Structure formats: structure tokens, C-alpha cells
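Each chain is listed here by its residues.
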Amino acid sequence: MDIRSNEPYWLIVNSLPYSYPRLQKSISSEVLIIGAGITGALVAYKLINEGKKVIMVDRRDVCNGSTAASTSMLQYEIDVPLHKLIEQVGLTCAVSSYQNCEKTITDLKKIVDKIKSNCGFEYKKSVYFTSSKKDISFLKDEFEARQAHGFNVKWLSKEEIEKIGLNAFAAIESKSGAVMDIYKFTNDLLNYCCGKGLEIYDRTSIEEVKAKNEKTMATTKEGHIIEVDDVVHCSGYESVKTIKENIVNLKSTFALASEAYEKIPQAFKNRIYWNTDEPYLYFRSTADNRIVMGGGDRDFKNAKHRDALLPRKEKELTKSFKKCFSEISFIADYSWAGTFGETKDGLPYFGKTDPEKSEHYILGFGGNGITFSVMGMEAVINSINKTPHSFLEYYKFKR
Ligand SMILES: Cc1cc2nc3c(=O)[nH]c(=O)nc-3n(C[C@H](O)[C@H](O)[C@H](O)COP(=O)(O)OP(=O)(O)OC[C@H]3O[C@@H](n4cnc5c(N)ncnc54)[C@H](O)[C@@H]3O)c2cc1C
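Throughout what follows, the structure given in this document is the object of discussion. (Residues numbered from 1 in each chain as written. Predicted model: local features only at pLDDT ≥ 70, side-chain atom pairs only at ≥ 80, totals over all residues. Heavy atoms only, no water.)

A sheet is described by the order of its strands in space; here four strands give the open sequence S1-S13-S12-S11, paired in mixed fashion. Sheet topology places strand S1 (27-28) and strand S11 (206-212) at the edges, where each strand pairs with a single neighbour. Examined bridge by bridge, S1 and strand S13 (residues 225-228) share two bridges and lie parallel to one another. Residue pairing in the sheet places Ser-28 in a bridge with Glu-227 of S13. (Pairing = 2+ DSSP bridges. Helix = DSSP H or I, 4+ residues; strand = E, 2+ residues; numbered from the N terminus.)

And the structure:
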């Protein structure tokens, strides 16, 4: 599956910071991670810190899957609003999912600082707004649920929102949010982990994983065998091919990066935005004074169809921007398309599909993919050590 189009902005500003060899022979280790995106990088960081010997492979260059396409907004706000999630999965799982997503933002900042990654991490307020009168009561329900469960939120009236420069009827402003360049950070984290013993092979595709004599054998396209105790699949949306359960609806999504402004418009200095539309729109600024926005999701048919929609989506998204921020001009310099997935409850999938096998999945599907990957990093060691963790219960397969 081709999971993104060719021109994500992050690939252009960063190019290829580090390069790794292909696997040329059969090897063995303790753990194999399949996938060198943000999820694989965080899982590698955790396992290396736990003293494990780890090999990582990716069929592309590292970080060239969805991670290169991500708009890298960090929010604790899951695609399913809290008051709806409580109805769907119960109070404990819903509130804990929101709380843990919030915690991941500061957890990620600690790693950014530890590895000294110059990835533009910046805390921002997150504004969830509605441009439709009929959604005000829905937004109010969400505000009350968040307030009741201790989240630091503020209700913004139409007048307060207008002062920011946003055209909307009402909004919830949350203190917890951030932006970064996840492509740069993932590259930096992989390089850091290599310094601590991680072995990376890129352009190396795993075609089959099988158990044999207490070990797990992964076979590459070229026929080389990687023999390990455990395999962790951090293979993103392509993992749907190896999982029987239907866990995700694939969507095509679209993103734009504007021309650089001389100074970042005031509305974007301290805030990121998303709205109640279905599909929703979202907006952030970058360290080099651009505005990145995304949305326009459609059901995924195939990569060709998704990429063919891009010129039309660029026009539609630009028009939507102007409706929301009429005082700010927006000229798209870069546009790209990616594939992402929605799960039935907006939550990720962690753990084993088959308890008998030593294969673990960390799949942070959805708009909060990055924060879910940080949560997955916490759960992976328990999955390997066969010890309980609440995430392995909340986000298990066949739930
Ligand atoms: C346009 C867009 C905007 C987004 N915006 C945000 C956002 O603002 N905030 C947010 O939190 N999330 C966002 N997301 C989601 C986020 O980008 C993803 O959740 C995240 O990048 C997934 O990372 P990953 O490492 O799990 O997957 P990937 O980055 O796709 O990495 C998986 C890797 O596995 C490799 N692989 C797969 N199968 C094999 C195999 N058999 N053998 C070897 N290698 C294999 C692939 O080549 C790939 O590199 C966005 C996604 C898109 C597309």
C-alpha cells in the first residue's frame, strides 16, 4: 500500500538526515521491530532503555511512512469527544484515555530534551471550535464533561473568539497542546537509539513471520531470516494486511503548508485549532512561520484515487481556511495526501492478536496517532514480559 503522496513539507525542509544499510544476511537478536516511524522509534527507545537487544527494519527509508506526512499536532483530545467516549467505552477507560493522552505531551517533551532534538517542540493552547450554530449545544456538553473530569478548559464566547481573529460561534480552549516536527524528531530519536545499540536496516521488507522452536523467525523479501524472541509490529496502516480482525476504516486525508509569513499571524502565536465539522479541519503554525492545515477526509479507495483528488482538495481547504480566518491570507506552497484510519472508538490497538505467539502490535490509529504511539511505548514492555498493564486491557484486540 502506498500510504502517502510525494511532497510532504517535512521531507522537503529536512531531506534525509541519516541513512542506514539494507540487511544483507540472516541475523538474530532479542527483539525485532518492524517499522521505523514514530511508533517504532519510541518502542525502540523504551526497549533499549530496558536493556533489550533490538533490531529494526523498514521497507522504505526510515520515517518515510505516515510519519513523514503528519501535521504533528499534539492533543489530548481524541477523535471521539469525551462525553461520547464515556457512553461508548465507559467512564474509567474514557477518562483515563484522555488523561493519558494529556500526559504523553509532557512525556514526549522530556524525550525531546533528553536527546536534544531540534524539532520545534512548542506548547500551545488547543482550541476546539464550531462554525455551526447547531453544534453549540454539542460543544457545551463536551465542555461540561471535560470540566467535570478535571481538564483545564475554558469556554470561549463568540466575542472572545472574534478577538483572536477566528470566525466561529463557540469554542473550548484547552491548556494542553503542542506542535513539533515529528519527522525530524523521529530521525533524531532513531539516531540516538543507534548510539545505544539499536541496529537499523532500511529498504528491508518483512514478508513472513513464523514461530519455530520457541523462537520467532521473520523472513525478508530477499530471503534473509531474522531470528528473535519477540517481534513488535509498528507497521502503521500497512499492518491491516496481517491482522484478520477488521479494526480500522481507512481514510484519505489532505494537508497544506502555506507560504512563509514575515511574522506568524497573531492568532497562531499561542494556539492550534480544530473544529466540529465532519470531517474536521485543523490548523497550526510552523517554526519557519508557515501555517499548516489539514482535513477533507474521504474513504480510502486506493492511492491513485487519493492523490488525484489533491488539486481539488487544495482549493477546498484553502477556501475553508479563509472562512475560518478571513483576516489572514493563505497561499498554499505545499500540498500532500496521506492515508490514516479510524477505529470504532477512536482508540488505539496494543498487544497480541494471538496469545500463543510472541508477536505484539502497537497501532496508534487515528488523529492522535502520535500521542497513542507514546502510550504504546509504555505498554510494549508489559506485553513482552507478559505482565498486566491497563493499556493492554483498554486497547486490546477483539474488544
Ligand atoms: C496527513 C496526516 C496528518 C496527520 N496529522 C497528525 C497530527 O497532527 N497529530 C497526530 O498525532 N497524528 C497525525 N497523523 C497520524 C500520524 O502521522 C500517525 O499516527 C503516525 O505517523 C504513525 O506512525 P507509525 O510509526 O505508527 O507509522 P508509519 O510512520 O507509517 O511507520 C510504519 C512503517 O512501517 C513500515 N512497514 C510496514 N510494513 C512493513 C513490512 N512488512 N516490512 C518492513 N517495513 C514495513 C513502513 O514502511 C513505515 O515506514 C497524521 C497522519 C496523516 C497521514
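Around the ligand, a shell composed of 33 residues is seen, among which Thr-39, Asp-58, Arg-60, Thr-67 and Thr-71 lie nearest. Separating an oxygen atom of the ligand from a side-chain N or O atom of Asp-58 is a distance of 2.6 Å. A distance of 2.7 Å separates an oxygen atom of the ligand from a polar side-chain atom of Arg-60. Alone, the ligand offers 1000 Å² of accessible surface; in the complex the protein occludes 95% of this. For the shell around the ligand, the elements supplying multiple residues, two or more each, are helix H2 (38-49), helix H3 (66-69), strand S19 (332-342) and helix H11 (369-385). The element that contributes the greatest number of residues to the shell around the ligand is H3, accounting for three residues. Looking at the shell around the ligand residue by residue, the class counts come to nine nonpolar, 20 polar and four charged. (Near = heavy atom within 4 Å. Polar contact = N/O pair within 3.5 Å; in protein donor to acceptor, adjacent residues only side chain to side chain. Areas by Shrake-Rupley, 256 points an atom, 1.4 Å probe, with all protein chains shown as cover. Nonpolar A, V, L, I, M, F, W, Y, C, P; charged D, E, K, R; others polar.)

Within a regular strand, side chains alternate between the sheet's two faces. With burial as the criterion, each face of strand S3 (residues 54-57) is covered, one bearing Val-54 and Met-56 and the other bearing Ile-55 and Val-57. Across four bridges, strand S2 (residues 31-34) lies against S3 in parallel orientation. Its bridge partner lying in S3, Ile-34 is registered against Val-57. Handedness of the crossover is the feature at issue here: the chain leaves S2, passes through H2, returns alongside S3, and the resulting connection is right-handed. Sheet analysis places S3 next to strand S10 (residues 199-201), joined by three bridges and oriented parallel. Pairing of Ile-55 across the sheet is with Glu-199, part of S10. (Buried < 20%, exposed > 50% of the residue type's maximum accessible area, 1.4 Å probe, protein only. Right-handed = clockwise from strand over helix to strand, strands pointing away.)

The subject of this paragraph is the side chain of Asn-64. Here Asn-64 shows up in the loop between S3 and H3. With near-sequence residues (within four places) excluded, Asn-64 lies in contact with Arg-4, Leu-11, Leu-16 and Tyr-183. (Contact = heavy atoms within 4.5 Å.)

Here the focus is the packing of helix H4 (residues 82-89) against helix H6 (residues 136-148). It is the contact of H4 with H6, at a shortest axis distance of 7 Å, that shows an interaxial angle of 75°. In terms of axis orientation, H4 runs roughly perpendicular to H6. Counted together, Leu-82, His-83 and Lys-84 of H4 and Phe-138, Asp-141, Glu-142, Ala-145 and Arg-146 of H6 form the full contact between these two elements. For the contact of H4 with H6, a count of residues per class yields three nonpolar, one polar and four charged. (Axes fitted to C-alpha atoms, helices over the stretch in contact; angles between N-to-C directions. Parallel < 35°, antiparallel > 145°, perpendicular 65-115°, else oblique.)

Below, the discussion takes up H4. Every α-helical turn comprises 3.6 residues, leaving residues that sit three or four positions apart pointing alike. Taken together, the buried positions of H4 are Leu-82, His-83 and Leu-85. End-on view of H4: buried residues confined to an arc of 160°, all on one side of the axis. Buried-residue contacts for H4 involve helix H5 (91-115) and H6. A positive backbone phi angle near 95° is found at Gly-90, which sits one or two residues after H4. (Arc of directions from axis to C-beta.)

This part covers the packing of aromatic side chains. Summed over all chains, the structure comprises 27 aromatic pairs. Between Tyr-76 and Tyr-98, the aromatic rings sit 6.0 Å apart at their centres with planes inclined by 75°, giving edge-to-face as the arrangement. Taken as a pair, Tyr-76 in the loop between strand S4 (73-75) and H4 and Tyr-98 in helix H5 lie far apart in primary sequence, 22 residues in all. Tyr-98 shares its class with Tyr-76; the two are buried. Aromatic side chains Tyr-349 and Phe-397 sit 5.2 Å apart centroid to centroid with 35° between the ring planes, which places their arrangement in the tilted category. Here the residue Tyr-349 occupies a position in strand S20 (residues 349-351), and Phe-397 occupies one in the segment after helix H12 (390-394), the gap between them amounting to 48 residues. Residue Phe-397 is classed as buried on the basis of its relative accessible area of 7%. By way of ring pairs, the aromatic residues Phe-129, Phe-268, Tyr-273, Phe-283, Phe-321, Phe-325 and Phe-330 are connected into one cluster. It is Lys-140 that lies over the ring of Trp-155; its NZ or CZ is 4.3 Å from the centre. Arg-399 extends its terminal NZ or CZ atom over the ring of Tyr-349, reaching a point 3.9 Å from the ring centre. (Phe/Tyr/Trp six-rings, centres within 6.5 Å; stacked < 30°, edge-to-face > 60°. Lys NZ or Arg CZ within 6 Å of the ring centre and 35° of its normal.)

In total, this model carries zero disulfides according to the counting rule given. With no disulfide partner, Cys-193 has as its closest neighbouring cysteine sulfur the one in Cys-194, 7.2 Å distant. (Disulfide = S-S within 2.5 Å.)

As summarised here, the arrangement of the three strands in space is S4-S9-S5, forming an open sheet in which the pairing is antiparallel. At either end of the open sheet lies a strand with only one pairing partner, and these are S4 and strand S5 (122-123). In this fold H5 packs onto S4, S5 and strand S9 (177-179), with an angle of close to 130° to the strand it touches most, S4.

It is worth stressing that arrangement in space is one thing and function is another; only the former is reported here.
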